[in-house]
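# Overview (structure and organization)
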Amino acid sequence: MSNLKMKEAALIYLDRSGGLQKFIDDCKYYNDSKQSYAVYRFNVLINPSDIVELDAELGNHILHQPLKAAQVFQSVCYIAVRTLSLIGQLQTETQINIVLKLTHLPPLPSYCLDLCEFPRDYTSQRFYTMQGIVIAMTTVTKYTQGARFLCSDEACPLSKGFQYIRVHVPGATESATVRNDFLCNLCSSSLQEDRKFRVLGDKQIVEIITAKSLHAFQGCCNNQPFRFQSLTVFLRDESVNKMNIGNEYKVIGIPACVKTSQTAICIEANSITFCIPKVPSGISDNFRCLLSLTSSSCWKFTAILANIFASQIVPPGTYNLLKLCLLMSLVQTSDRNKELENCLDILVVTSDTILIDRLLNFSINLVPRGIRHSVSTEIFPTLSRNKYGTGAVSIQAGSALLAKGGICFIGDLASHKKDKLEQLQSAVESRSITVYISGKKFGDDVDQQMTFPVQCSFWSFLDMDSPSRRNIQKTNMLIGQMDCSLIPANLVEAFALLINCNESSSCHPLLPTVQHTLKKAIDPEGLLYLASKQFTTEDFEKLLAFAKNLNVEFSLEAERMIHGYYLASRRIRTDSICGSKLPASALKYLVSLSEAHARLNLRNKVLKEDVLIAALLFETSLTLKYGAAVFCVAPNAVFPFEQYDEEYLEQRDVYLTECQQQLQQFIATYGPGTAIFASDE
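My aim in this report is to walk through the structure given alongside it, one point at a time. (Residues numbered from 1 in each chain as written. Predicted model: local features only at pLDDT ≥ 70, side-chain atom pairs only at ≥ 80, totals over all residues. Heavy atoms only, no water.)

### Focus on the overall build of the chain
For clarity, the cut-off: Counting from the N terminus, the helices are DSSP H or I runs at least four residues long and the strands are E runs at least two residues long. When accessible area is computed with a 1.4 Å probe and restricted to protein chains, residues below 20% of their type maximum are described as buried, those above 50% as exposed, and intermediate ones as partly exposed. Residue contacts are defined here by distance: any two heavy atoms, one from each residue, within 4.5 Å place the two residues in contact. Using the Shrake-Rupley algorithm and a 1.4 Å probe, accessible areas are obtained, with residue cover drawn only from the displayed protein chains.
Across its full length, the chain holds 21 helices and 23 strands. Within the span of the chain, comprising 681 residues, buried residues form 52% of the whole. At a minimum sequence separation of 6, the contacts of the chain that also span at least 24 residues come to 74%. Counting every atom, the chain has about 31,900 Å² of accessible surface; 52% of that belongs to carbon and sulfur.

Here you go:
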């Protein structure tokens, strides 16, 4: 009676939810094909909340005994097929394969499978939910959805018909569905598969890790040892290719153990949902007050941010240009599943690599996807044989794809081999990486290739005092040009910003840095400055999270100025021999820099004042790459004075206003519409 009641509830639910009509439509497809199948597969969408309200016992079966619940729906669907004559070729109930697709699970701890906590109950064969980031995936292969077996004894009644049907169930291996040691229940003769009735489906294997595991890739300074384990997810049929490397997903499925070289935990995916992080509601009170006090200027707020940023690593007032660029790069990151077009790659040339390394490492920890690349791993995807013996090729993410929507800090650029630098250059220029899969090497008939978008900003540095650099110094340097001969010139040009951090210059006074280092050695956890207490690391995290989610648009005058500067700069850096020295991506970088400065000011509109900062930063970088040009910008143009008080901010505003007038004059002289600008340009 209990079973009959659940069947009635299942039928009522299918009718109310529209599932019955979908089932009838699917049956029509099978019936119209005029082909006899061993297995007819149907997906049934289940809302557990609605089911529990309708019939608690059936709801309990679905959540805790899904295989038995599928049998209830199988029986209901078989009766519907026979009663309504939906599929003429169907002979037995076992030919119907019902897959229950859940919309969600109850938001209770007992339904969550967390690899960071014990115990891990993965033997109960019920639904769990798991959230994680994809770090590896295989190519798509085939598996057996269902097969027909016949008794080998022709005299046996079961040597015909569809009495022996085997279908794949969650957690089962291929050998559990198809093998040669099955026996007939009637005469004990061996069963033989009727291969022409085998039904194949698509299969893909994905590895995910919890977001907490990203601390292993962020270069955290707590030096506490820890380990993490990936979870294997099996995707089948309509779920195949629904997950991308680097994205975070919530997976509902049934866990199981798979025997490989060692026992591994896996989960058979039932449904997949892309995780969208919550957008912060605002910023801290201290930053809100600071924004209000500096509202009369378009430049003061970001100047103060750069001045006080990372005071745990360097004293306020030092490395302001670099810190401003880092903040602008950080606000151009994204937590959303959208193409990250406006990346800001940064290459720092310095003689103090230890301090710069600490500063960059501190900065990447302020965003969720700040990844510090380890020299023992790979920057870009690599290939390996799949450990589950499915014949598929496993593609490992690499640091760049793992940093999707964030920052990939690759350390000293000179520490990487030539082939890796060439790969990096190609990825920075095209914003994609292509993986070639050799069919001969991995046992396939044909070669394949897969292209992945590279949606992160790259940070790196070069050591000015490297012994290798001293041996190959250039002699024909132009005014203002930086010697970066240690790495290929094309790679240097590919970075959006080239920044010179010479500690002996007035922009980076040596004494405050030395005093800061000594004090930190005595008290590593101490807050040495008032700014560190007023504006904490958490405040900056909240500010960046809020700023990067702002939707910005260009004002008309800002758009005109950015195009005018781009065209004028392209004009003066073009010669008849080498053509234009301005990279093809220059306009994209200028747009990104302007947007970043507007976001850092917590504005939704890009103004001409933002374009000025973008032009000064970009022109400074161009000067270091190619030498000075007509629009001559001082190395410290963005931060021209050493004092850091209210009077300094006023003087800086006056100076930047003069720079803006010079920029407008430069555009008027060399930009479009002037006599010097050729018509074809």
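### A few points about the packing of aromatic side chains
The following threshold applies: Stacked, tilted and edge-to-face pairs are distinguished by plane angle, under 30 degrees for stacked and over 60 for edge-to-face with tilted covering the rest, among Phe, Tyr and Trp rings (Trp via its six-membered ring) whose centres lie within 6.5 Å. Remark: a charge is flagged as sitting over a ring if the NZ atom of Lys or the CZ atom of Arg is within 6 Å of the ring centre and within 35 degrees of the ring normal.
Following the criterion strictly, the structure yields 22 aromatic pairs and no others. The interplanar angle of 85° and the centroid separation of 5.4 Å between the aromatic rings of Phe162 and Phe197 together place this pair among those described as edge-to-face. Here Phe162 is found in the loop between β4 (141-151) and β5 (164-167), whereas its partner Phe197 is found in the loop between β6 (191-193) and β7 (199-209), with 35 residues between them in sequence. Phe197 shares its class with Phe162; the two are buried. Ring geometry for Phe287 against Phe535: centres 4.8 Å apart, planes inclined by 35°, an arrangement best described as tilted. Here Phe287, found in helix α7 (residues 285-293), pairs with Phe535, found in the loop between α16 (530-534) and α17 (537-547); they are 248 residues apart in sequence, far enough to count as distant. There is no split in this pair, since Phe287 and Phe535 are both buried. Pairwise contacts between aromatic rings join Phe23, Tyr29, Tyr30, Tyr37, Tyr40 and Phe42 into one cluster. In this structure, Arg148 is placed above the aromatic ring of Phe197, and the distance from its NZ or CZ to the ring centre is 4.7 Å. Directly above the aromatic system of Phe639 lies the positively charged group of Arg652, at a separation of 4.7 Å from the ring centroid.

### Examining the sheet that holds strand β19 (residues 497-501)
Cut-off, in case you're wondering: Each pair of strands is called paired provided DSSP finds at least two bridges between the two strands. Axis angles are defined between N-to-C directions and span 0 to 180 degrees, where every axis is a line fitted to C-alpha atoms and, for a helix, only to the segment in contact.
With respect to topology, 5 strands assemble into an open sheet ordered β12-β15-β18-β11-β19, the strand pairing being parallel. At either margin of the open sheet sits one strand with a lone partner, and together these are β12 (370-372) and β19. Along the sheet, successive strands turn relative to each other by an average axial angle of 20°, direction set aside. Here strand β11 (residues 346-350) runs beside strand β18 (residues 457-463); their pairing, made up of 5 bridges, is parallel. Looking across to β18, one finds that Val348 is bridged to Phe461. Each of β11, β15 (407-412), β18 and β19 touches helix α9 (residues 320-330); the most contacted strand, β19, lies at about 150° to it.

### Re the pattern of salt bridges
What counts here: The term salt bridge refers to a side-chain nitrogen of Lys or Arg lying within 4 Å of a carboxyl oxygen of Asp or Glu.
Under the counting rule described, the total for this entry stands at 20 salt bridges. A salt bridge links Asp32 to Lys28, with the shortest nitrogen-to-oxygen separation between them at 3.0 Å. Of this pair, Asp32 and Lys28 both sit in helix α2 (residues 19-32), 4 residues apart, which is roughly one turn of that helix. The shortest N-O distance in the salt bridge between Glu268 and Arg236 comes to 2.2 Å. Taken together, the residues span a long stretch of sequence, with Glu268 in strand β10 (residues 263-274) and Arg236 in strand β8 (residues 231-236) at a distance of 32 residues. Taken individually, Glu268 and Arg236 each receive the classification buried, so the pair is uniform in this respect. Each of Arg41, Lys101, Asp237 and Glu238 takes part in one network of salt bridges that share partners.

### Concerning the nonpolar core
Filter applied, for reference: The term nonpolar core refers to a set of buried residues drawn from Ala, Val, Leu, Ile, Met, Phe, Trp, Tyr and Cys, joined through side-chain atoms within 4.5 Å. Delimitation of the domains relies on an automatic or database domain assignment.
Residues Phe287, Leu413, Phe458 and Tyr565 are the most contacted members of the largest nonpolar core, which totals 149 residues. Ranked by residue count, the leading element in this core is helix α20 (residues 608-626), at 11 residues. A domain split of this core shows at least three residues from each of domain 2 (107-275) and domain 3 (285-670). In this structure, Tyr13, Ile62, Leu63 and Val72 belong to the second largest nonpolar core, which totals 39 residues.

### Some details on a nonpolar patch on the surface
Inclusion rule: The patches described consist of residues with a relative accessible area above 30% and no salt bridge, like charges being joined within 9 Å and nonpolar side chains (Val, Leu, Ile, Met, Phe, Trp, Tyr) within 5 Å.
Together, Leu510, Val514 and Leu518 make up a nonpolar patch on the protein surface, roughly 280 Å² of accessible area in all. Relative to the helices and strands, Val514 resides in helix α15 (residues 510-522).

### Focus: the pairing of β15
Of all 6 residues in β15, 5 are buried, a share of seventy percent or more. Direction of pairing for β12 relative to β15: parallel, over a ladder of 3 bridges. In the strand pairing of β15, Gly370 is matched with Ile407. In terms of strand pairing, β15 meets β18 through 4 bridges, oriented parallel. When the bridges of β18 are listed, Ile407 appears paired with Ser457.

### Examining helix α1 (residues 2-17)
Since the α-helix turns once every 3.6 residues, residues separated by three or four places project in the same direction. Stated formally: Here, expected helix span is obtained from the residue count minus one, scaled by 1.5 Å. This arc is taken over the directions from the axis of the helix to the C-beta atoms.
With 16 residues, α1 should reach 22 Å at 1.5 Å per residue; the first-to-last C-alpha distance of 22 Å fits that figure. Taken together, the buried positions of α1 are occupied by Met6, Ala9, Ala10, Tyr13 and Leu14. For α1, the arc enclosing every buried residue in end-on projection is 135°, short of the 170-degree limit, so these residues lie on one face. Exposed residues pointing more than 90 degrees away from the buried face of α1 are listed as Asp15 and Arg16. Among the structural elements, α2, β1 (40-46), α3 (48-54), α4 (56-64) and α5 (66-84) are those in contact with the buried residues of α1.

### Examining helix α18 (residues 556-572)
Taking 1.5 Å per residue as the helical rise, α18 with its 17 residues ought to reach 24 Å, and the 25 Å between its terminal C-alpha atoms agrees with that figure. Buried within α18 we find Ala558, Met561, Ile562, Gly564, Tyr565, Tyr566, Ala568 and Ser569. Buried residues in α18 make contact with β20 (553-554), α19 (586-600), β23 (605-606), α20 and α21 (646-670).

### Quick notes on the state of the cysteines
Here is the rule: We call a pair of cysteine sulfur atoms a disulfide when they lie within 2.5 Å.
Taken as a whole and assessed by the stated rule, the structure comprises 0 disulfides. Left without a disulfide partner, Cys27 is nearest to the cysteine sulfur of Cys77, which lies 7.5 Å away. Look at Cys27 and you get buried, because its relative accessible area is 0%.

### Here we look at the environment of Arg652
Counted only if it meets this: Whenever a nitrogen or oxygen atom comes within 3.5 Å of another N or O atom, the pair is scored as a polar contact, on the condition that within protein one atom can donate a hydrogen and the other can accept it, and that pairs from neighbouring residues in sequence are kept only if both atoms are in side chains.
Relative to the helices and strands, Arg652 is located in helix α21. Under the relative-accessibility criterion, Arg652 is labelled buried at 1%. The sequence separation of Arg652 and Lys300 amounts to 352 residues, and the corresponding C-alpha distance is 8.6 Å. Apart from the residues within four sequence positions on either side, Arg652 is in contact with Trp299, Ala303, Ile613, Val638, Phe639, Pro640 and Phe641. In this structure the side chain of Arg652 is engaged in a polar contact, spanning 2.7 Å, whose partner is the backbone oxygen of Val638.

### Some points on unusual backbone geometry
One non-glycine residue, Arg431, lies in the positive phi region at around 55°. Within the element layout of this structure, Arg431 appears in the loop between α12 (418-430) and β16 (432-437). The residue Leu602 is not glycine, and still its phi comes out positive at about 60°. Leu602 sits in the buried class, given a relative accessible area of 16%.

Fair warning: the whole summary comes from geometry, so function is off the table for now.
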